[in-house]
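# Working through the structure, step by step
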Amino acid sequence: MNQIRTDHMNQLYGDAANVNGRTYKYNQRIESFTANQLLTYSKAFGHHNIDIMAGHESYSYTLKYQYAHKYNFYTIGNPEFNNAITMSDMNSYTQEHSMESFFGRVNYDFDNKYYLSASIRSDESSKFHPDHRRGTFWSVGGSWRLTQEEFLKDVEWLSNLKLKASYGTQGNDGILDINGYVVYQPYLKQYSVTNNNGDFSVVETYRGNKDLTWEKTSTWNLGLDFSILRNRISGTIDTYISQTSDLLLPSLLPSSTGYASVMQNIGKTENKGIEVTLNTIWFQNKNFSWNTDWTYSLNREKIKALNSGVTRDEGNLWFVGSPTQVFYDYKKIGIWQLGEEVQAKAFGGFKPGDIKVADMSPKGSEGEGVFSTDDRVIFSRVPKYTFGITNNITYKNFDLMFFIYGRIGQYVKDAYTQLYKPSALENSAPVNYWTPENPSNEYPRPNSGYSTNSYLLQSSLAFRKASFVKIRDITLGYTLPKEWTSKMMVQKLRIYCSLNNFITFTDFPNYDPESNGSMDFPLAKQVLFGINLSL
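Residues numbered from 1 in each chain as written. Predicted model: local features only at pLDDT ≥ 70, side-chain atom pairs only at ≥ 80, totals over all residues. Heavy atoms only, no water.

Turning next to the overall build of the chain. Looking only at helices and strands, one finds two helices and 26 strands in the chain. Structurally, the chain occupies a C-alpha span of about 85 × 75 × 65 Å along its principal axes. When burial is assessed residue by residue, the chain has 35% of its 535 residues classed as buried. Pairs at least 24 residues apart make up 61% of the contacts formed inside the chain by residues separated by at least 6 positions. (Helix = DSSP H or I, 4+ residues; strand = E, 2+ residues; numbered from the N terminus. Buried < 20%, exposed > 50% of the residue type's maximum accessible area, 1.4 Å probe, protein only. Contact = heavy atoms within 4.5 Å.)

Walk down a regular strand and you will see the side chains alternate between the two sheet faces. Here seven bridges tie strand E8 (residues 190-196) to strand E9 (residues 199-206), and the two strands are oriented antiparallel to one another. The partner of Thr194 across the bridge, within E9, is Ser201. Here E8 hands over to E9 after two residues, with Asn197 in that stretch at a positive phi of 55 degrees. (Pairing = 2+ DSSP bridges.)

This next bit is on the nonpolar core. Burial of nonpolar side chains together is a common tendency in soluble globular proteins. In terms of nonpolar packing, the biggest core is built from 22 residues, with Phe350, Ile355, Val357, Phe371 and Leu457 touching the most fellow members. Those elements that provide at least two residues to this core are helix H1 (341-348) and strand E18 (355-357). Ignoring anything within four residues of it in the chain, the contact list for Phe350 reads Trp336, Ala344, Lys345, Ile355, Phe371 and Leu457. Listed in part, the ten residues of the second largest apolar core include Phe137, Ile175, Leu212 and Leu248. (Core = buried A, V, L, I, M, F, W, Y, C linked by side-chain atoms within 4.5 Å.)

This brings us to a nonpolar patch on the surface. A grouping of Tyr114, Trp144, Phe151, Leu163 and Leu222 is seen on the molecular surface, where their side chains present a nonpolar patch of about 480 Å² in accessible area. Secondary-structure assignment places Leu163 in strand E7 (residues 158-172). Using a relative accessible area of 37% as the deciding quantity, one classes Leu163 as partly exposed. (Patch = residues over 30% accessible without salt bridge, like charges linked within 9 Å, V, L, I, M, F, W, Y side chains within 5 Å. Areas by Shrake-Rupley, 256 points an atom, 1.4 Å probe, with all protein chains shown as cover. Salt bridge = Lys/Arg side-chain N within 4 Å of Asp/Glu carboxyl O.)

This paragraph deals with empty space enclosed by the protein. The full count for this structure, using the stated rule, is one cavity of 30 Å³ or more. Put simply, the largest cavity is a space of about 50 Å³. Around the largest cavity sit Leu247, Leu249, Ile266, Gly267, Lys268, Thr269, Ile303, Ala305, Leu306, Trp318 and Thr324, which together line it. Sorting the residues of the lining of the largest cavity by element identifies strand E11 (233-252), strand E12 (261-284) and strand E13 (288-305) as the ones contributing at least two each. A total of four residues in the lining of the largest cavity trace back to one element, the largest contributor, which is E12. Counted by class, the lining of the largest cavity contains seven nonpolar, three polar and one charged residues. (1 Å grid on protein atoms, 1.4 Å probe; cavity = no way out; pocket = protein on both sides within 12 Å on 5 of 7 lines; lining within 4 Å. Points joined across faces, edges and corners; volume = space filled by probe spheres on them. Nonpolar A, V, L, I, M, F, W, Y, C, P; charged D, E, K, R; others polar.)

We now examine the pairing of strand E25 (residues 492-506). Note that strand E24 (residues 468-479) and E25 share eleven bridges and pair antiparallel. Counterpart to Ile471 in the pairing with E25 is Ile503. Strand direction decides the pairing type here: E25 and strand E26 (residues 526-534), joined by nine bridges, are antiparallel. Looking across to E26, one finds that Asn500 is bridged to Gln526.

Attention now moves to the layout of surface pockets. One number sums up the size of the second largest pocket: a volume of about 340 Å³. Lining the second largest pocket are 17 residues; nearest its centre among them are Lys332, Glu442, Leu461, Phe463 and Arg464. Per-class residue counts for the lining of the second largest pocket are nine nonpolar, four polar and four charged.

Counted under the stated rule, the structure contains 26 salt bridges. For Arg207, the salt bridge goes to Glu204, with nearest N and O atoms at 3.3 Å. Residue class for Arg207 comes out partly exposed when judged on its relative accessible area of 30%. With its nearest N and O atoms 4.0 Å apart, the salt bridge here joins Glu270 to Lys304. Taken as a pair, Glu270 in strand E12 and Lys304 in strand E13 lie far apart in primary sequence, 34 residues in all. Via salt bridges that share partners, Lys162, Lys164, Asp225 and Asp238 belong to a single interconnected network.

Here we take up the side chain of Ser515. The topology assignment puts Ser515 in the loop between E25 and E26. Polar contacts involving the side chain of Ser515 include one to the main-chain carbonyl oxygen of Asp512, which spans 2.9 Å. Not counting residues within four places of it along the chain, the set of residues in contact with Ser515 comprises Phe521 and Leu523. (Polar contact = N/O pair within 3.5 Å; in protein donor to acceptor, adjacent residues only side chain to side chain.)

Our focus in this paragraph is the packing of aromatic side chains. A complete count under the given rule lists 29 aromatic pairs for this structure. With a centroid separation of 5.7 Å and an interplanar angle of 10 degrees, the aromatic rings of Tyr61 and Tyr184 are classed as stacked. In this pair, Tyr61 is assigned in strand E3 (residues 48-73) and Tyr184 in the loop between E7 and E8, connecting sequence segments 123 residues apart. Each member of the pair Tyr61 and Tyr184 is classed as buried. Taking the centre distance of 6.2 Å and the plane angle of 50 degrees together, the rings of Trp336 and Phe347 count as tilted. Taken together, the residues span a long stretch of sequence, with Trp336 in the loop between strand E17 (332-335) and H1 and Phe347 in helix H1 at a distance of eleven residues. The pair Trp336 / Phe347 is uniform in exposure class, with both members buried. Among the aromatic residues, those joined into a ring-pair cluster are Tyr330, Trp336, Phe347, Phe350 and Phe371. Directly above the ring of Phe81 sits Lys25, whose terminal nitrogen or CZ lies 5.8 Å from the centroid. Geometry around Trp336 places Lys356 over its ring, the cationic atom sitting 4.7 Å from the centre. (Phe/Tyr/Trp six-rings, centres within 6.5 Å; stacked < 30°, edge-to-face > 60°. Lys NZ or Arg CZ within 6 Å of the ring centre and 35° of its normal.)

Read these as geometric descriptors, not functional statements.
Here it is, written out as structure tokens:
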């Protein structure tokens, strides 16, 4: 796949007029190759069925990027480099990744009742040092269709009941830098070379780690598939316990090192949870139908161990016993009010109108009643549970779908709160701040001696619980009758209108909480009109 782009700014108008025009050229070429060789064997004998598969896969990926910039053009309207005389900048690089895999799988069932499966794969990833490239992962599982047993065959209301269990391991070589970009050679140090008055200037831009190895996850799963009342109600319940070790995460480094972070295999995490899906058919006849799909997911994640036996790493926001995604800061509980002068001063030299935070020191301890860094708390960014409800209703040629989605219990960092400028010397967000005449508990009093960066507790304004339930999508459609569409020489014509993100129920102020507190990419309310056409 080739991506070629030319950006030209002419020499008459705009930003490039002062340099007599400029052109940027970008060329990106992506090549990927996958080769699979599979060997399969199937055999049925009596009540026994066996299926065996073995295979090999070879994968390679290459990205080649080129960039150049010239200015000072001779003629107008010609953006090519042979029309310019001054080279400003040029750059190129190549990124490569390869994976060599061997794998196998065996499936067995007896009498359509008992099922067993086992698989194994061995992967060799070029993202790791040659001494650590190979990872081997496997899984075993089984299921039992209880409705095929004699003691349940006569239970008419029970259409299907299957118990299943599995255990397996899997690996991850997906390595991202601190900005979320893929790193293809994370075990190597990487440099940039620039011109320094005719001499080479070499700067190390990425700290490699040759000890990196596969991130490994082992998972126990126990589940139940069921269907009752002639499949009018069906669903799945899955519970799991997942243990991950050697997590591939960027570890922040002190600024004195010259690097933002270094990739490491860090500690262990555990995930426990339950996932439920339910499909219900309420009505179904020639002219009218209504069915609902339900989903529910609950997950409890925590860090089990960190490297070197430590229990907390505040720089990276990793705490044993807490999720991997958290905030760590003071918990705002209000604003110090008139009449609380004595308590405010004793707690930390505060005054009425200042932010009031929770005292997290244990009762009777030396730190009780005294403000300190030990009063910081952990806010989980992970929701306690999520759910979704999709309703599909049809009446003759009309169809209606609406999707309800909820995310409960997570904290976000509300970017809007940081727009409040306590100095009152510049433009600021309109907020309900404290004054003696307005004893608000939302925002502190203005103070010309404070700034957003220097005010110690300004950041505590941002952490809010962002639970929400929203009707994310409502779609109403109408399918034209066949006697109409046949005259138009089309098989099917449906017109529809959709409303997206229109209704949200939440205590989170100012904007849609599904954006996780960011205002950079707001979730817009949308009205869509469309046509589905089949010729």
